[in-house]
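One-letter residues, chain by chain:
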Amino acid sequence: MSYCSSLHASLFPDKQLHVLQDEDTEENGDTFDMQITVSDPEKVGDGMNAYMAYKVTTKTSLNLFSRNEFSVKRRFSDFLGLHSKLASKYMHIGYIVPPAPEKSIVGMTKVKVGKEDLSSAEFVEKRRSALQRYLTRTVTHPALLKDPDVIQFLENTELPRAVSTQALSGAGILRMVNKAAEAVNKMTIKMNESDAWFEEKQQQFENLDIQLRKLHASVESLVCHRKELSVNTASFAKSAAMLGNSEDHTALSRALSQLAEVEEKIDQLHQEQAYADFYLFSELLGDYVRLIAAVKGVFDQRMKTWSKWQDAQLLLQRKREAETKLQYANKPDKLQQAKDEIKEWETKVQQGERDFEQISKNIRQEVGRFEKQRVKDFKVVIIKYLESLVHTQQQLIKYWEAFLPEAKAIA
Amino acid sequence: MMQEGLDDGPDFLSEEDRGPRAVNVDLQTDATLQVDISDALSERDKVKFTVHTKSTLPNFKQNEFSVVRQHEEFIWLHDSFVENEDYAGFIIPPAPPRPDFDASREKLQKLGEGEGSMTKEEFTKMKQELEAEYLAIFKKTVAMHEVFLCRVAAHPVLRKDLNFHVFLEYNQDLSVRGKNKKEKLEDFFKNVVKSADGVIVAGVKDVDDFFEHEKTFLLEYHNRVKDASIKSDRMIRSHKSAADDINRIASTLYTLGTQDSTDVCKFFLKVSELFEKTRKIEARVAADEDLKLADLLKYYLRESQAAKDLLYRRGRALVDYENANKALDKARAKNKDVLQAETTQQVCCQKFEKISESAKQELIDFKTRRVAAFRKNLVELAELELKHAKGNLQLLQSCLAVLKGDT
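Remember, it's a predicted structure, so these values are computed and weren't measured experimentally.

(A) Geometry of the overall build of chain B. For chain B, the helix and strand inventory stands at eight helices and three strands. Helices and strands in chain B line up, N terminus first, as β-β-β-α-α-α-α-α-α-α-α. Relative to the 2.2 N^0.38 estimate, which gives 22 Å for 407 residues, the radius of gyration of chain B is 27 Å and therefore markedly larger than a compact globule would have. Structurally, chain B occupies a C-alpha span of about 105 × 45 × 40 Å along its principal axes. For chain B, the proportion of its 407 residues judged to be buried stands at 47%. Taking the contacts inside chain B whose residues are at least 6 apart along the sequence as the reference set, 75% of them involve residues at least 24 apart. A total of about 21000 Å² of accessible surface is found on chain B, and carbon and sulfur atoms cover 53% of it. Counting 65 positive and 72 negative side-chain charges, chain B places the centres of these two groups 3 Å from one another.

Written as C-alpha cells, this is what we have:
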C-alpha cells in the first residue's frame, strides 16, 4: 500500500503548475504553485449511515486563499456536490468541468458494513486517489480555481450537506448531458456547421474516445492477469519449497528452497507492477474516458445553444409575420403588443447569437487547454510507467543473478 | 518476420534441439547405439516421427537407418516392457504423453471465425502467435518421444530388447492399433485392482532400510512434484495471458498514435513499438519457463510414478515370497505337497531377490539422473530468465531515453 501512495505523490508532483495563457486576454502571467492532497480516510459513524471522511490539504502561495496551508474534512458527497455546482454554472458556457469520481454502491457498502479486508482497503485507496486527481484537475482550470464554491470547498471547515447527490453524481450529470445530446440529435433541424474546426474536433474526440476505452479495457485485463500471476507465483513458490523439503539430495534440496525464495520475491514484484499498471496507467485512462465524455458534453451544449438561437430567430420571424398581418387588421392594442414582442425577441435573437459565439470561443480555448493538459498528462504517466517497468526488470535481474550460482552449486 | 537476436528461428529442430541430450534427461551418449528423432510431420490428427538410429551393434542389418513411427507404436513398446516379467526390477522409462493439439487447433479455429471482427494487423498478429504456440507444442511432443527412446537406448538391458530393435528397424507399419474400448476398460479395472493392491503392499513394512526409506520418500516426492507441476502450469498460463494483453495494448497504442494530431502521438507510437518487442520477450519467458520448469516437473512426475511402480512390483514379490514361505511351513507341517511348495517358494525367492538387486541400482540411478536433470534445467532457466530480463531492460531503457529527450 505504501508503494502506491508514493506513486500518487509522484503522479502530481510538487512542481509548478503553469497557468495557461488566455488567447484574448493576458492573465497576470504569474506561475502559481498549488498542491492538493487527499489523505487519511477515516470512517465516521456506524452501520449503513457510516461514511468515509477524507482530509483535504491545500498548500499554496496564491492570494486567492487566506492562508498558505490549510486542511478540511470532506466526505464523498461533498465532492459530488461541488462538481454538480460547477457543472451547472459552467458547462453551458463551454467550460470543460472535470467529472467527479464514480459512485460505487457495492464498494461503499462493504466499507460501511465494516469489512476490514483487503478489497475494502483497496477500494478506499482507489477512491482517495481518484478524489485527489479530481481536485487537482479542477484547480488546474484557471476559471474554476477562482470559483467561490471551489474556494469554499477547500477552505471552509463546515460545508452545507449536498442533497440528493444520487442525481448529482458524475454518472447523473453525464446522463443529463447525454439526454440533452440525444434531444438535440433527434431534432429535425441539423446544425449547419459553418466552422469546420468543430466538426473536425468532434470527430477526433469521437475516435479518441473509442481507442481510449479499448486501451482501458486491455489495461484492466493486464492488471487482472498480473494480479493472478502474482497469486500463482506465490502458490508455486510454496509448492517448490515443499518439493525442496522432500528432496533427499541435499544440494538439490537447497537449490529448490532457493528457487522458492526467488519466486516469492518475484510474486511481490508482480504485485507491485500490478499496482503500477493500475494506478499509473489504468486510472489515467479511466479519468480520460470520463473527461472526454465531459468534452463531448460541452460540444453538445454548443449545439443546444445554437438551436436555441435558431428557435429564437424562427419565433422572431413569426412575430414579424403576425405584426404584418395585424397592420391590416386595425387593432391598435394588439399591434403595439406585437411590436413589443418583436423588440423582445430581437433582443433574444441577439443574445442567442452572442451566447453561441461566446460558447464557441470558449470551447476553442478550452479544447486548446485540454489538449495541452492531455499531452502533458500522458507524457508524464507514460514515462513513469516505463520507469516502473525498468525497476521490475532490474529487480528480476538481481534475483536471478543471485540464484544462478545456487543452481550451479548442485553437485 | 522475427526480431533480430530475439528468438531462435522458426525451424523446430535447431541445433540445440538435436541429440539425445535434448530436453530433460542427462544421458550418456554411447556410440554403440544412438537414437534420435530426426524429423516429424504433423498431419491432421496424427504426428509421424522419423526415428533415426546409428549403431555399431551386430544386431542390426545396417549401421544407420530410419523408420517412421506414430505415437501408438511408442505406447506399444512401452507396454511391452511393462508386461515383461524379466523387466520387473527396472524403472520402466515412462511413456511419452499423447500429442495434444486440440486446444491449439480450437484457438486457431476460433480465430478464423472471428476474422471479420478485427483489423487485418490484429488478425495477422494473433495468427502468428497461435502458429508459434502450435509449433512449441509440436517441438515439445517431439522432445518427449525422443527422450523416451534415449532412455531405453541408454539402459543396459532394455537396449537389447527385441521389440525395441523391431521398433527401430522394421520399416513397415507395426500395425499396432490403439486400444479399443474393451481393452481400455480392461486397463481401467486393472489399474483399480493395482491401486488397491498397491495400498496393501505398501502397508507391509520392509526390513530393508534402503527400500523402506525409498518407499516413504517416493510417495511424498511424487505428490509434491504433482502439486508443483500443477502450480507451475498455472503460473505460466497467467504469464501468457499478461503477454497477450500487452499485445493488444501495443495495437491500440499504435492506432492512437496514428490518429493523434498532438505531440503525444510520437509517444504512443514509440511505446507501441516497445511493447510489441517486450511482449514477444514476455511470451518467450513463459515458453522457456514451460520448457525448463513445467516440463521438467511433468517428466519427473511420470518417472517417480515409474519408480513407485517398481517398488510396488518388489513389494508384491516380497508379499508373494512371504506367503510362499508360510505355505511351505504349512506344507511341511502337514507333510503334504512339500515339493510343490518348495518349488514355488524357490521361484518366489529368486524373483524377489532378482528384483531387489536391480531395483536398488535403478533407484540410485534415478536419483543421479534426477539431480543432473534438475541442475541442468534450473541453471538453464536462470540463464534464460536473465537473458530475457536484460533484453527487456535494454529495450525499456533505450525507449525511455528517446522519450525523455523528446519532452
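(B) Molecular detail of the sheet that holds strand β3 (residues 69–75) of chain A. Residues and elements named next belong to chain A. Within the open sheet, the three strands sit side by side as β1-β2-β3. Their pairing is antiparallel. The open sheet has two edge strands with one neighbour each: β1 (34–44) and β3. Along the sheet, successive strands turn relative to each other by an average axial angle of 20 degrees, direction set aside. Here β1 runs beside strand β2 (residues 51–60); their pairing, made up of nine bridges, is antiparallel. For Ser39, the partnering residue across the bridge sits in β2 and is Lys55. Across the sheet, helix α2 (residues 76–90) lies against β2 and β3, angled at about 100 degrees from β3, the strand it touches most. Here helix α6 (residues 148–155) sits on the sheet and contacts β1, β2 and β3; the angle it forms with β3, its principal contact strand, is near 95 degrees.

(C) Looking closely at the interface of chain A and chain B. Residue-level contacts link 55 residues of chain A with 64 residues of chain B. For the chain A and chain B pair, buried surface summed over both sides reaches about 5400 Å², with 72% attributable to carbon and sulfur atoms. Between Lys390 of chain B and Glu401 of chain A there is a salt bridge; the shortest N-O distance is 3.6 Å. If you look at where chain A meets chain B, you find 17 residue pairs in polar contact (both at pLDDT 80 or more).

(D) How the structure looks around a nonpolar patch on the surface. Residues and elements named next belong to chain B. Residues Leu185, Phe188, Phe189 and Val192 make up a contiguous nonpolar surface patch of roughly 410 Å² in combined accessible area. Residue position: Phe189 is located in helix α5 (residues 181–203). Judged by its relative accessible area of 49%, Phe189 is partly exposed.

(E) A look at helix α6 (residues 209–259) of chain B. Taking 1.5 Å per residue as the helical rise, α6 of chain B with its 51 residues ought to reach 75 Å, and the 74 Å between its terminal C-alpha atoms agrees with that figure. Regarding α6 of chain B, its N-cap is Asp208 of chain B, as a side-chain oxygen of that residue lies 2.9 Å from the backbone nitrogen of Phe210 of chain B further along.

(F) Expanded view of the sheet that holds strand β3 (residues 64–70) of chain B. All names here are of chain B. The strand order across the open sheet formed by three strands is β1-β2-β3, and the pairing between neighbours is antiparallel. If you trace the sheet from one side to the other, it starts and ends with β1 (33–42) and β3, each paired once. Ignoring strand direction, the axes of neighbouring strands in this sheet form an average angle of 25 degrees. With nine bridges joining them, β1 and strand β2 (residues 47–55) adopt antiparallel strand pairing. Residue pairing across strands places Val35 opposite Thr53, the latter belonging to β2.

(G) Quick look at the packing of aromatic side chains. All names here are of chain B. Taken as a whole, this structure holds 30 aromatic pairs over all chains when the rule is applied. Ring geometry for Phe81 and Tyr87: centres 5.9 Å apart, planes at 70 degrees, overall edge-to-face. Residue Phe81 is classed as buried on the basis of its relative accessible area of 1%. Summarising the aromatic geometry, the rings of Tyr300 and Phe366 are spaced 6.1 Å apart at their centres and angled 40 degrees between planes, so their arrangement reads as tilted. With Tyr300 in helix α7 (residues 264–334) and Phe366 in helix α8 (residues 338–406), this residue pair connects regions lying 66 residues apart in the sequence.

(H) Structural context of the pattern of salt bridges. All names here are of chain A. Taken as a whole and judged by the stated rule, the model has 58 salt bridges over all chains. Linking Glu122 and Lys227 is a salt bridge whose minimum nitrogen-to-oxygen distance equals 3.9 Å. Here Glu122, found in helix α4 (residues 118–140), pairs with Lys227, found in helix α9 (residues 196–246); they are 105 residues apart in sequence, far enough to count as distant. For Lys227, a relative accessible area of 38% translates into the label partly exposed. Of the charged contacts, one joins Glu283 and Arg133 as a salt bridge, the two residues approaching to 3.3 Å between their closest N and O atoms. Here the residue Glu283 occupies a position in helix α10 (residues 250–327), and Arg133 occupies one in helix α4, the gap between them amounting to 150 residues.

(I) Spotlight on the environment of Ser304 of chain B. All names here are of chain B. Of note, Ser304 is situated in helix α7. Note: C-alpha distance between Ser304 and Ile281 (23 residues apart in sequence) is 33 Å. Reaching out from Ser304, the side chain makes a polar contact with the side chain of His222 at a distance of 2.9 Å.

(J) Spotlight on the UniProt feature "coiled-coil region" (unreviewed entry) in chain A. Mapped onto this structure's residue numbering, the UniProt feature "coiled-coil region" (unreviewed entry) falls at residues 335–362 of chain A. End-to-end, the C-alpha atoms of residues 335–362 of chain A are 40 Å apart, and along that stretch the chain is 100% helix and 0% strand.

(K) Molecular detail of the nonpolar core. The biggest cluster of nonpolar side chains holds 153 residues, and the ones touching the most others in it are Leu135, Leu154, Leu386 and Trp400 of chain A together with Phe275, Phe374 and Leu378 of chain B. Ranked by the residues each element gives to this core, the list is headed by α10 of chain A, at 24 residues. Inspection of this core shows a minimum of three residues originating in each of domain 1 (33–157) and domain 2 (186–410) of chain A. Residues in contact with Leu386 of chain A, not counting those within four places in the same chain, are Val271, Leu274, Phe275, Leu396, Cys399, Leu400 and Leu403 of chain B. Among the nonpolar cores identified, the runner-up in size contains 30 residues, and Ile37, Leu77, Val142 and Leu174 of chain B belong to it.

Cut-offs and rules
- Residues numbered from 1 in each chain as written.
- Chains lettered and ligands numbered in written order.
- Predicted model: local features only at pLDDT ≥ 70, side-chain atom pairs only at ≥ 80, totals over all residues.
- Heavy atoms only, no water.
- Helix = DSSP H or I, 4+ residues; strand = E, 2+ residues; numbered from the N terminus.
- Rg over C-alpha atoms; globule rule 2.2 N^0.38 Å.
- Buried < 20%, exposed > 50% of the residue type's maximum accessible area, 1.4 Å probe, protein only.
- Contact = heavy atoms within 4.5 Å.
- Areas by Shrake-Rupley, 256 points an atom, 1.4 Å probe, with all protein chains shown as cover.
- Lys, Arg positive; Asp, Glu negative; His and termini not counted.
- Charge placed at Lys NZ, Arg CZ, Asp CG, Glu CD.
- Pairing = 2+ DSSP bridges.
- Axes fitted to C-alpha atoms, helices over the stretch in contact; angles between N-to-C directions.
- Buried area = accessible area lost by both parts, 1.4 Å probe.
- Salt bridge = Lys/Arg side-chain N within 4 Å of Asp/Glu carboxyl O.
- Polar contact = N/O pair within 3.5 Å; in protein donor to acceptor, adjacent residues only side chain to side chain.
- Patch = residues over 30% accessible without salt bridge, like charges linked within 9 Å, V, L, I, M, F, W, Y side chains within 5 Å.
- Expected span 1.5 Å × (residues − 1).
- Phe/Tyr/Trp six-rings, centres within 6.5 Å; stacked < 30°, edge-to-face > 60°.
- UniProt positions renumbered as here; feature names shortened; annotations may be inferred.
- Core = buried A, V, L, I, M, F, W, Y, C linked by side-chain atoms within 4.5 Å.
- Domains from an automatic or database assignment.

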